[in-house]
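What the coordinates show
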Amino acid sequence: MSGGHDAVEVIIAKRDGAELSDSQIDWVVAAYTNGEVADEQMSSLAMAILLNGMNRREIARWTAAMIASGERLDFGDLSWPTADKHSTGGVGDKITLPLAPLVAACGVAVPQLSGRGLGHTGGTLDKLEAIAGWRADVTNAAMWDQLQSVGAVICAAGSELAPADKKLYALRDVTGTVEAIPLIASSIMSKKIAEGTGALVLDVKVGTGAFMKDVDTARELASTMVELGTDAGLHTVALLTDMSTPLGLTAGNAVEVAESVEVLAGGGPADVVELTVALAREMLAGAGRTDVEPADKLADGSAMDVWRSMISAQGGDPDAGLPEARESHVVAAPATGVLTRLDALAVGMAAWRLGAGRARKEDPVQPGAGVVWHARPGDQVTEGSPLFTLLTDDESRFDRALESLDGGFDVEPDGSSYQPSPLLIDRIS
Ligand code: URA
């Protein structure tokens, strides 16, 4: 018992559907962080929250308590305005790589704290670590210096940022309590608010390859996060975007870096360019810069210049060749016709099984592993021509990856069932 509370009383209150008071929330989050509340007690509370929910006040207070568990960064004294983006995670989602330098090239600095991938969605840090010499760990002081001089940093969050969330997320992962909107929203927003960005754009993915499989739950998560950001004084907007089809033409680490560099060179797949530019416009608007057109900065090479400086500043060689997988396997189109469906989850699972992702936090990833697809839904394909190239260092992985792709795409002779699905589904502010 401490501060007039004990864990069992808080668990029972939420179990019975009551609202938690501010002081109950402050106490339980702080006491869990310092070890006074045990893992089994917090997992029980997390399950009660998953089943009975939390209202707006409770979620805001829970978020504030997680922020207060650690340090808060402050970039208010930079000579640039700041904006960041968070994606809820998808397959082939390399958007951060071209986006951060692009927004910096437009005059808004991007302090992007990213994570490593777990499961079928890739992690931005894993992708960048495919670049020879590049380091994810940057001190707060070096982050400030790089933001001031280059305008963009993508790095790992330090252990002092929202430590309550680090502990709770690991617990949720093994107790079936990840999929609770109040817990997801407070987890993401505590880190983004503590990171000290001035504006935030949330890319909330919807579809088979995403956390949120349907538009209604994605919209609820997006609105919850936008409210949390707005209440904390952070200019926050969310885009709901499609993740039933993977983004671009690649899923993996080195292959996604290569595709990002194509976008920065003014090319790249149309959907990756469309989403990068749409998110850049939102980030710039959030930071008060509606006078710059991001597409121009892809075309004139200035985003590429920032990319090169950003990679070099973290020890990477932007001119180094990217790692290549030792083994490859081509899957040919089974028929001539139109590719009418390409399932994001199937592709994500295949890339993961090839070694691009990890099953446990401590596993290494293969930088060269992944999947390249040679057509997007709506494209014509010819029987026998390459449809996928699977890449791995370990050929024993091909069979399981092929099983994941099985049933994950359709080729139809006349393509009459093909329904293009819009990439940008909704905007919530
Ligand atoms: N990402 C996070 O950071 N937290 C969650 O709870 C879910 C996704």
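The rules behind these values
Residues numbered from 1 in each chain as written. Predicted model: local features only at pLDDT ≥ 70, side-chain atom pairs only at ≥ 80, totals over all residues. Heavy atoms only, no water. Near = heavy atom within 4 Å. Polar contact = N/O pair within 3.5 Å; in protein donor to acceptor, adjacent residues only side chain to side chain. Areas by Shrake-Rupley, 256 points an atom, 1.4 Å probe, with all protein chains shown as cover. Helix = DSSP H or I, 4+ residues; strand = E, 2+ residues; numbered from the N terminus. Nonpolar A, V, L, I, M, F, W, Y, C, P; charged D, E, K, R; others polar. Buried < 20%, exposed > 50% of the residue type's maximum accessible area, 1.4 Å probe, protein only. Contact = heavy atoms within 4.5 Å. Expected span 1.5 Å × (residues − 1). Arc of directions from axis to C-beta. Pairing = 2+ DSSP bridges. Axes fitted to C-alpha atoms, helices over the stretch in contact; angles between N-to-C directions. Domains from an automatic or database assignment. Buried area = accessible area lost by both parts, 1.4 Å probe. Salt bridge = Lys/Arg side-chain N within 4 Å of Asp/Glu carboxyl O.

Describing the site of the ligand
- Residues in contact with the ligand, as listed here, are Tyr169, Arg172, Ile184, Ser187, Ile188, Lys191 and Phe211.
- Here an oxygen atom of the ligand sits 2.5 Å away from a polar atom, N or O, in the side chain of Lys191.
- Protein coverage of the free-state accessible area of the ligand, which is 230 Å², stands at 89%.
- For the shell around the ligand, the secondary structure elements donating two or more residues are helix H8 (163–173) and helix H9 (181–194).
- Tallying contributions element by element places H9 first for the shell around the ligand, with four residues.
- When grouped by side-chain class, the residues that make up the shell around the ligand number four nonpolar, one polar and two charged.

A closer look at unusual backbone geometry
- You will see that Ala162, though not glycine, has its phi angle at about 45 degrees, which is positive.
- Here Ala162 lies in the loop between strand E3 (152–156) and H8.
- Taking relative accessible area as the criterion, Ala162 reaches 0% and is therefore assigned buried.

A short note on the environment of Gly70
- One can find Gly70 in the loop between helix H4 (56–68) and strand E1 (83–87).
- Gly70 gets classed as partly exposed once you look at its relative accessible area, which sits at 27%.
- The spatial distance from the C-alpha of Gly70 to the C-alpha of Ser159 is 8.6 Å, given a sequence separation of 89 residues.
- Once residues within four sequence positions are removed from consideration, Gly70 is found in contact with Glu160, Ala162 and Pro163.

Comments concerning helix H12 (residues 270–286)
- Relative to the 24 Å expected for 17 residues at 1.5 Å per residue, H12 spans 24 Å between its end C-alpha atoms, a close match to the ideal helical length.
- Of all 17 residues making up H12, twelve are buried, and the element is well covered by its neighbours.
- Among the residues of H12, Asp271, Val272, Leu275, Thr276, Val277, Ala278, Leu279, Ala280, Glu282, Met283, Leu284 and Gly286 are the ones counted as buried.
- One or two steps after H12, the chain reaches Gly288, where phi turns positive at roughly 85 degrees.

Focus on helix H7 (residues 140–149)
- Taken together, the buried positions of H7 are Met143, Gln146 and Leu147. Buried residues of H7 fall within an arc of 100 degrees about the axis and therefore sit on the same side. Exposed side chains of H7 directed beyond 90 degrees from the buried face belong to Ala141 and Ser149.
- Buried positions along H7 lie against strand E2 (110–114), E3 and helix H14 (302–313).

A look at the sheet that holds strand E11 (residues 386–392)
- Overall, antiparallel pairing links the four strands, which are arranged E6-E9-E11-E7 in an open sheet. Because the sheet does not close on itself, it has two edges, and the strands there are strand E6 (250–252) and strand E7 (327–332). Neighbour to neighbour, the strand axes of the sheet diverge by 15 degrees on average, direction disregarded.
- Pairing of E7 with E11, which is carried by six bridges, proceeds in the antiparallel orientation. For Ala332, the partnering residue across the bridge sits in E11 and is Pro386.
- The strands that helix H15 (residues 344–356) touches are E6, strand E9 (370–373) and E11; relative to E9, the one it contacts most, it runs at about 135 degrees.

Considerations on the sheet that holds strand E13 (residues 424–428)
- Strand order in the open sheet formed by four strands is E1-E4-E5-E13, with mixed pairing between adjacent strands. Each of the sheet's edge strands pairs with one partner strand only, and the pair in question is E1 and E13. Adjacent strand axes in the sheet meet at a mean angle of 20 degrees, parallel and antiparallel pairs treated alike.
- Where helix H10 (residues 215–231) meets the sheet, its contacts fall on strand E4 (199–206), strand E5 (235–242) and E13, and the angle it forms with E5 comes to roughly 165 degrees.

Considering the domain arrangement of the protein
- Split into domains, the protein comes out as domain 1 (7–53), domain 2 (84–313) and domain 3 (327–412).
- Between the C-alpha centres of domain 1 and domain 2 there is a distance of 30 Å.
- The interface is formed by twelve residues belonging to domain 1 together with twelve residues belonging to domain 2.
- Summed over both sides, the interface between domain 1 and domain 2 buries roughly 1,000 Å², with carbon and sulfur atoms accounting for 79% of that surface.
- Contact with domain 2 buries surface across domain 1, with Tyr32, Thr33 and Leu50 losing the most and accounting together for 44% of the total.
- At the surface where domain 1 touches domain 2, the tally comes to zero salt bridges.
- On the surface where domain 1 and domain 2 come into contact, there are one residue pair in polar contact (both at pLDDT 80 or more).
- Listing elements by their share of the side of domain 1 that touches domain 2, those giving two or more residues are helix H2 (22–33) and helix H3 (39–52).
- Counting residues per element, the side of domain 1 that touches domain 2 draws most heavily on H3, which supplies seven residues.

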